[in-house]
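Next come the chains, spelled out residue by residue.
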Amino acid sequence: MNKLEAPTPQLDHNLKYQLHQRVIYPGQGICEVISIEEKNIVGINVSFYILRVENSNRKIMVPVMNVDAVGLRPLASETQIREIFEILNSSQELPPDSNRPKRVRYLAEKIKNGTMKDLAEIVCTMMKFKQCGHKLSWSETRMLREAKDLLIQEIAASRKQTIIQVETEIEAIFAVK
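Here goes a summary of the coordinates provided. (Residues numbered from 1 in each chain as written. Predicted model: local features only at pLDDT ≥ 70, side-chain atom pairs only at ≥ 80, totals over all residues. Heavy atoms only, no water.)

**Describing the overall build of the protein chain**
At step 1: When helices and strands are tallied, the protein chain shows 6 helices and 5 strands.
At step 2: Seen in sequence order, the protein chain has helices and strands lined up from the N terminus as β-β-β-β-α-β-α-α-α-α-α.
At step 3: Here the protein chain holds 177 residues, and the buried ones make up 41% of them.
At step 4: Considering only intrachain contacts with a sequence separation of at least 6, the fraction spanning at least 24 residues in the protein chain is 55%.
At step 5: For the protein chain, the exposed area adds up to about 10,600 Å²; of that, 54% sits on carbon and sulfur atoms. (Helix = DSSP H or I, 4+ residues; strand = E, 2+ residues; numbered from the N terminus. Buried < 20%, exposed > 50% of the residue type's maximum accessible area, 1.4 Å probe, protein only. Contact = heavy atoms within 4.5 Å. Areas by Shrake-Rupley, 256 points an atom, 1.4 Å probe, with all protein chains shown as cover.)

**Topic: the side chain of Arg103**
At step 1: Position of Arg103 relative to the elements: it lies in helix α3 (residues 100-113).
At step 2: Judged by its relative accessible area of 8%, Arg103 falls in the buried class.
At step 3: Within the structure, the side chain of Arg103 is placed 2.6 Å from the side chain of Glu140, a separation counted as a polar contact. (Polar contact = N/O pair within 3.5 Å; in protein donor to acceptor, adjacent residues only side chain to side chain.)

**A word on α3**
Residues that lie three or four places apart on an α-helix share one face, since the helix turns once every 3.6 residues.
At step 1: Taking 1.5 Å per residue as the helical rise, α3 with its 14 residues ought to reach 20 Å, and the 20 Å between its terminal C-alpha atoms agrees with that figure.
At step 2: On its buried face, α3 is in contact with α4 (116-131) and α5 (138-159).
At step 3: Once α3 ends, the next one or two residues include Gly114, with phi positive near 75°. (Expected span 1.5 Å × (residues − 1).)

**Some remarks on the environment of Ala175**
At step 1: Looking at the element boundaries, Ala175 is found in the segment after α6 (163-174).
At step 2: Through-space distance from the C-alpha of Ala175 to that of Met127 is 9.7 Å; in sequence the pair is 48 residues apart.

**Observations concerning the layout of surface pockets**
Over the atoms, a rolled probe matching the size of one water molecule traces out where space is still vacant.
At step 1: Considering only enclosed or pocket space, the largest pocket measures out at about 190 Å³ in volume.
At step 2: For the largest pocket, the full set of lining residues is Arg73, Pro74, Ala76, Gln80, Glu83, Ile84, Ile87, Thr115, Met116 and Lys117.
At step 3: Elements with a contribution of two residues or more to the lining of the largest pocket: β5 (73-74), α2 (78-89) and α4.
At step 4: Here the lining of the largest pocket takes 4 residues from α2, the largest share from any one element.
At step 5: Classifying every residue of the lining of the largest pocket by side-chain character gives 5 nonpolar, 2 polar and 3 charged. (1 Å grid on protein atoms, 1.4 Å probe; cavity = no way out; pocket = protein on both sides within 12 Å on 5 of 7 lines; lining within 4 Å. Points joined across faces, edges and corners; volume = space filled by probe spheres on them. Nonpolar A, V, L, I, M, F, W, Y, C, P; charged D, E, K, R; others polar.)

**With respect to the pattern of salt bridges**
At step 1: Taken as a whole, this structure holds 15 salt bridges when the rule is applied.
At step 2: As a salt-bridge pair, Lys148 and Glu171 come within 2.0 Å of each other at their nearest N and O atoms. Here Lys148, found in helix α5, pairs with Glu171, found in helix α6; they are 23 residues apart in sequence, far enough to count as distant.
At step 3: Judged by relative accessible area, Lys148 falls into the buried class, the value being 6%.
At step 4: Via salt bridges that share partners, Lys110, Lys117, Asp118 and Glu121 belong to a single interconnected network. (Salt bridge = Lys/Arg side-chain N within 4 Å of Asp/Glu carboxyl O.)

**Side note on the packing of aromatic side chains**
At step 1: A full pass over the atoms with the stated rule returns 1 aromatic pair.
At step 2: The interplanar angle of 65° and the centroid separation of 5.8 Å between the aromatic rings of Tyr17 and Tyr49 together place this pair among those described as edge-to-face. Residue Tyr17 is located in the segment before β1 (22-25), and its partner Tyr49 is located in strand β3 (residues 44-53); the two are separated by 32 residues in the primary sequence. There is no split in this pair, since Tyr17 and Tyr49 are both buried. (Phe/Tyr/Trp six-rings, centres within 6.5 Å; stacked < 30°, edge-to-face > 60°.)

**Describing the packing of α3 against α5**
In helix packing, the relevant descriptors are the interaxial angle and the interaxial distance, both defined with respect to the helix axes.
At step 1: One can describe the packing of α3 onto α5 by two numbers: an axis separation of 10 Å at closest approach and a directional angle of 20°. Viewed along their axes, α3 and α5 adopt a mutual orientation that is roughly parallel. Between α3 and α5 the crossing geometry is left-handed. Residues Arg100, Arg103, Val104, Leu107, Ala108 and Ile111 of α3 lie in contact with α5, whose contacting residues are Ser139, Glu140, Met143, Glu146 and Ala147.
At step 2: Residues that form the contact of α3 with α5 fall into these classes: 6 nonpolar, 1 polar and 4 charged. (Axes fitted to C-alpha atoms, helices over the stretch in contact; angles between N-to-C directions. Parallel < 35°, antiparallel > 145°, perpendicular 65-115°, else oblique. Left-handed = near helix turned anticlockwise from the far one by under 90°.)

See the structure below:
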């Protein structure tokens, strides 16, 4: 083999995710594993998942060895979804911190973590703020929408329902009774 020929990739066969599997990338939402590639980085062969973000068609490369560190995870199970609806239906206390900038930073960190529990807590907290007559700032409104959208998309994909069906179910929880 001459210097210009690339070595034949030897992909790790102990992969956590498979080709065409739908996964969740925190803060981005649902992605599809469109390929699994090996690249030579500074003389070391590294396997990567190539993900396509479904709502934007952007591509993300995630080293196979870093999937847990970045929070990549499979779509939620029905058991996990039931737990999320328990959070949404809970009589969760509003956060005592009335300092808006701190609250916004706290919410931004929860969205970045991207767990379903964090997203549900954001939706629950912000919707209860609204119900209590608090006016949400522009950034709080944006984060509520983002958290709600990510949560709805994952539940819809996991349950094979439409976005409208799931959104209606969540909105009914917070409807004025």
